Every structure is written in C-alpha cells, then in structure tokens.
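The primary structure of each chain is shown beneath.
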Amino acid sequence: MNAETLRAEVGKRATIRLRDSDGGFRDIVGVLQSERTLINRRGEVVEFEPEEIAFFRLIPVFNRRDAEAGQLRIYDTLKREVSTIESRDGYVSIYCCGPTVYRDAHVGNLRTFLLADVIARTLAMTGVEVELIQNITDVGHMADDIVGEDKLLAESQRTQIDPFAIAREFEARFHKDLQLLNVRVADRYPRASENMESMIASIEKLIAAKNAYVGSDGHVYFDAASFESYGAISGNKLEALKPGHRHEHTDESGKRFHADWALWKLAGERTQMIWDSPWGAGFPGWHIECSAMSIDFLQARVDIHVGGIDLRFPHHENERAQSNSLTSTEVVGTWVHGEHLLFEGRKMSKSAGNVVLLSDVQVRGLDPLSLRFSLLENRYRSQMDLSWASLQAAHVTLRRWRALMAQWGSSLDLKFDQEISDALTNDLDTPRAMQRLRAIEKDSTMGSQDKRAIFLFADQVLGLDLNTVPESKPLTAQLEELLAERALARASKDWSRSDALRKELEDAGLEISDGASGQSWAWK
C-alpha cells in the first residue's frame, strides 16, 4: 500500500493489519488522520508506515435510516434464555476466546470464530459500533490427551523449533484462514505472552481478596469455594465435581480442594516459556489469561463473550469466577456458545484421521467461502454435520449467486429487507436468511435491481463476497452446441440425454444448474 493511496482515504474509518518485526501482526482500527497516523476509538494516535501494511479495509458507514433493523436477541448460556443485547450509547464490546497457536485451526474451531464475526456484523447492521477483542494463547496450556504436557512445548520438542517461532507461524496462518473465511479483523489480538504483568497483578489481587492462595507445593490456586455462584454457566456443582478433570494439571498436591485450579505454576524442571513472579519463576494457568485481558482491554465490561461449547466448562466457569472476584461485578453481560461440529458423522480427531483444515477445502478446488456458506446454513446452537457433499453444493450455489449478481447489474445500493433483518436479529437465524435469498433468486415478480440490492444488504452479515465478479472466458463453439442440445433435451423431457450431456459439460469444466428459468452455467 503506498502513501498516495492512503492519502485519498484520510478522514475515513479503516481496519489496518500491520506486520510486526517478529513476523507477527497487529491490528488497528479507527479514523485515518494522515497516510501514517490513525486515531482509535479511545482517542489514541497510532503511527505506522505504509510499507508495514499487510491488509487494509475501509469500514462502510451504516445507513441509520434503516431503523427497522431492531436489536439483536441471542441465547445467553448463563440465563438460559434468548436475551436482547442492549448497547451502551450505541456501543457493544465482544470478547472471543482465540486459538492456542501450536497447530492450524480446524473447521470446527473456525465455526466459533465465524460466530463472533456474524454477531459483530449483525450488530453493525443494526447501527451499533462494535469493539472485538480476540486473544492469542501463545504460552500453551495442558494438552487434553497428554497428561502434564504443554501443547506448545510438546510441539517444540517434536519439531525441534523454538516454541515462540511455532506460535508466530501458526498465528500468521490463523490470520490467513480468517482472511480467507472473510472474518473481519478484530480491534485487537492481544497475545498472552505480552500480557504477563497483567496476569501476575490479577493473581496478586485475588490472593489479597482471599479468593486465591499459595498452596503447600508453591503453586498459586483459585479457591473455588470462595465464589458462591460457581457452576452457574455449566450447571456443575462444586460438591459433585470429581477430581482430575482432563483440562487441569495432575501435579497439584498443594490444593486445598480438588476443584480449585492453578493460577500460577512454578517452573520446576521446565526451562522454556517461564517468567519471573512473586511466587517464583513459572507460568500462568490457562484461565487467568482471558480474565486479565478481557478486563484490561474492555475496561472490565464484556457485553458478549463468545466461545465454543467445549469452553463452557471449565474454562468459562473459571474465568467468570476470576473476573467477578477481581472486579466485584458481573463482568460478562451475555455468554454465547457455538455447538460442536462433526465431519461426515464423526467427531474430528487425529486418531480418527478426519481433522479438516481450510487448506483441505482449497485443495479440493472449492472456494474457501463455501465453508462459510455451509456453516451459515446451520444454526450456531445446533450440532452440525459437515460433509464434502455439502461443501461442494455450497461452492456451486456460491458461484451461481455471484454470476447472477453480475447479471443483475453493478449498483452498490443496499435495500433493507425486513425478513432478513428479523432472521439475523432473532438469535442469528442465518438458515432463514439464506432461505430468503433462495426465494428472492426464484421470484419472477421482483426486478433484478431489487434482487441485487437485497443480496448486498444480506451480504453485510453473511460475508460471502457476493459482489465478486466470477472468472469469465468465452465458450467454445462445441460447448455452445452441447448447451443448446441439452436445453432441447430438457424441453422434450429426455432426461437420460440431458444427464449424459450434463456430465459431458461438467467434464469440460462447466458447472451446470437447472432452475425455473432454465439451465445456467459457470466455469468451475
């Protein structure tokens, strides 16, 4: 990006991703003041160099005349009901639990990150300003399947690569996946490793408040019994919890009660990824990271906290206990959890050999946004069974919609659609919104201009890049003849000949779709 291009955008709101000197990224959002400065929502002036820019996007201005957009209502795991998200003078804060960057995020992880994006986009559609923080866990934590082993250190030992180099590599790949999935850039991606002072200060405060203690083994633990409403999110009761939950360490003989959890662990024989602290060199527990950073970066008020259903317990239960104890308030207004994703009927796992990455989708020649399309066709609170067949179908529909959009004109006008707005604001009913678009596509009473404008309105939230012009190249005379012959076969109801010609056309590189208005085609 050059300075001249940036100068033309001065005065506009923008999202900018900057390259760090260590190979990572940092993100800034605000109003451009010059080609080298930006003012964020806190009034801070952020300086940068144009050559540091890895990604630049202008933030569109919402048309506030569309007042019918209403308010977002979404299911709150804590309250166990669909609740209205009340903005604070037109502002809503979101915290989304991010990745542990020791491996690539699989499509199930990406479903959670997409959930936060759809929430933020829906709020923006209703005219609300959103601030989204997503943490990067780059200090590792216990592996679920290897007792007592840190995920990042285990990967470092396996590959003989520095753990922080591994973290930066997979962090960059995480951001690339989000970009391919058209997930909008968060306001900040704070790294756990760069917020150690905040975590240590939080632990000191919890000890002073008698919510935490130094165990007989020297580790620091949170006293679960000190937080009266523990279990409110998950429904678990302290007295019913059994020792040895799989997410916790097993070398914790210094606990007073088996349901207590580690806030700080002494290094022992560990020599990497350790920090000095008042209790000795060591490293933080998993849960304190999100408490410290959500309180710091969102001023102790998280309107919506997003995560996968697997984080409901123990992570979010423990995080809530820590955060509320630190502030003496209910820090999170609404807890939102996305359900599990299966792949072709089975839970994804290394042992099953069915862990699917976004890169696997691309290798099969599918548009990466076919994954986004497939995920949006299911409710976020429903367990979903993804398959290669559903991804292929999504790819075909996506190509068809883009081709139709190009046929419908080039206007960038948006037309408010009440049914789509109601679907999205009613607990993110994205399947209903997609069904509405399918109905509009087939509606012969609606003009192409209106169809295009409504598709663009929906795409503010769906994020399918429907205005992308499909690759176009001329048909050969032979392909034109085959298409004409197939149209005749369909008209005469010669379905066997029609199917044979479809296969021949598809083998030649075309995608064929049949609708009420006849057959249509696109290049694969």
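The rules we used
- Residues numbered from 1 in each chain as written.
- Predicted model: local features only at pLDDT ≥ 70, side-chain atom pairs only at ≥ 80, totals over all residues.
- Heavy atoms only, no water.
- Helix = DSSP H or I, 4+ residues; strand = E, 2+ residues; numbered from the N terminus.
- Rg over C-alpha atoms; globule rule 2.2 N^0.38 Å.
- Buried < 20%, exposed > 50% of the residue type's maximum accessible area, 1.4 Å probe, protein only.
- Contact = heavy atoms within 4.5 Å.
- Phe/Tyr/Trp six-rings, centres within 6.5 Å; stacked < 30°, edge-to-face > 60°.
- pLDDT = per-residue confidence, 0-100.
- Core = buried A, V, L, I, M, F, W, Y, C linked by side-chain atoms within 4.5 Å.
- Pairing = 2+ DSSP bridges.
- Axes fitted to C-alpha atoms, helices over the stretch in contact; angles between N-to-C directions.
- Salt bridge = Lys/Arg side-chain N within 4 Å of Asp/Glu carboxyl O.

Draft legend 1. Broad picture of the overall build of the protein chain. Helix and strand content of the protein chain: 15 helices and 20 strands. In terms of overall dimensions, the protein chain is globule-like: its C-alpha atoms have a radius of gyration of 25 Å, near the 24 Å expected for 524 residues. The dimensions of the protein chain, computed from C-alpha atoms along their principal axes, are 85 × 50 × 45 Å. Every one of the 524 residues in the protein chain was classed for burial, and the buried ones make up 55%.

Draft legend 2. Summary view of helix α6 (residues 286–297). Burial within α6 is extensive, with eleven of its twelve residues counted as buried. Among the residues making up α6, those that are buried are Trp 286, His 287, Ile 288, Glu 289, Cys 290, Ser 291, Ala 292, Met 293, Ser 294, Ile 295 and Phe 297. Just beyond α6, the residue with positive phi is Gln 299, at close to 50°.

Draft legend 3. Structural detail: the environment of Ala 120. Mapped onto the elements, Ala 120 comes out in helix α2 (residues 107–125). Among the residues examined, Ala 120 registers a relative accessible area of 15% and is labelled buried. Expressed as a C-alpha distance, the spacing of Ala 120 and Ile 94, which sit 26 residues apart in the sequence, is 7.9 Å. In this structure Ala 120 touches Ile 94 and Val 130, once residues within four positions along its chain are discounted.

Draft legend 4. Inspection of the packing of aromatic side chains at higher detail. Applying the stated criterion to the full structure yields eleven aromatic pairs. Plain terms: the ring middles of Phe 222 and Trp 261 are 4.6 Å apart, the flat faces sit at 10° to each other, and that makes the pair stacked. Of the two residues, Phe 222 is situated in strand β11 (residues 220–222) and Trp 261 in strand β12 (residues 261–266); the sequence distance between them amounts to 39 residues. Comparing Phe 222 with Trp 261, the two get one shared label, buried. Arranged with centres 5.2 Å apart and planes meeting at 75°, the rings of Trp 408 and Phe 455 form a pair that is edge-to-face. With Trp 408 in the loop between α10 (388–407) and α11 (418–425) and Phe 455 in helix α13 (residues 448–462), the pair connects residues that are 47 residues apart, well separated along the chain. Through successive ring pairs, a cluster of aromatic residues spans Phe 373, Trp 401, Trp 408 and Phe 455.

Draft legend 5. Representation of the confidence of the model for the protein chain. For the protein chain, mean pLDDT is 89; residues scoring 70 or higher make up 94% of the total. Throughout residues 61–67 the model reports pLDDT below 50, and contacts reaching past four residues in sequence, or to other chains, amount to six contacts.

Draft legend 6. Up close: the nonpolar core. Counting 125 residues, the largest nonpolar core has Ile 94, Ile 119, Leu 123, Leu 263, Ile 304, Leu 371 and Leu 464 as the members making the most contacts within it. Considering every element that reaches this core, the biggest residue donor is α2, with eleven residues. Here Leu 263 is in contact with Ile 203, Leu 206, Ala 212, Val 220, Tyr 221, Phe 222, Pro 284, Gly 285, Ile 288 and Gln 322, once residues within four sequence places are set aside. Membership of the second largest hydrophobic core comes to eleven residues, among which are Leu 6, Val 46, Ile 53 and Phe 56.

Draft legend 7. Expanded view of the sheet that holds strand β13 (residues 282–284). Sheet architecture is open: four strands sit in the order β10-β11-β12-β13, paired in antiparallel fashion. The open sheet terminates on both sides in strands that have one partner only, identified here as β10 (212–214) and β13. Taken over all neighbouring pairs, the strand axes of this sheet differ in orientation by 20° on average, direction set aside. Looking at chain direction, β12 and β13 are connected through three bridges and run antiparallel. Bridging from a neighbouring strand, Lys 265 pairs with Phe 283 of β13. Packing against the sheet, helix α7 (residues 312–327) makes contact with β11 and β12, and its axis sits at approximately 85° to β12.

Draft legend 8. Quick look at the pattern of salt bridges. In the structure shown here, the tally under the stated rule is 36 salt bridges. Its salt-bridge partner being Lys 79, residue Asp 76 comes within 2.8 Å of it at the nearest N-O pair. For Lys 79, a relative accessible area of 43% corresponds to the partly exposed category. A salt bridge links Glu 419 to Arg 436; its shortest N-O distance comes to 3.9 Å. You can see Glu 419 sitting in helix α11 and its partner Arg 436 sitting in helix α12 (residues 430–442), a full 17 residues away along the chain. Three or more residues are tied together by salt bridges with common partners; here these are Asp 20, Arg 26, Asp 138, Arg 168, Glu 171, Arg 191 and Glu 194.

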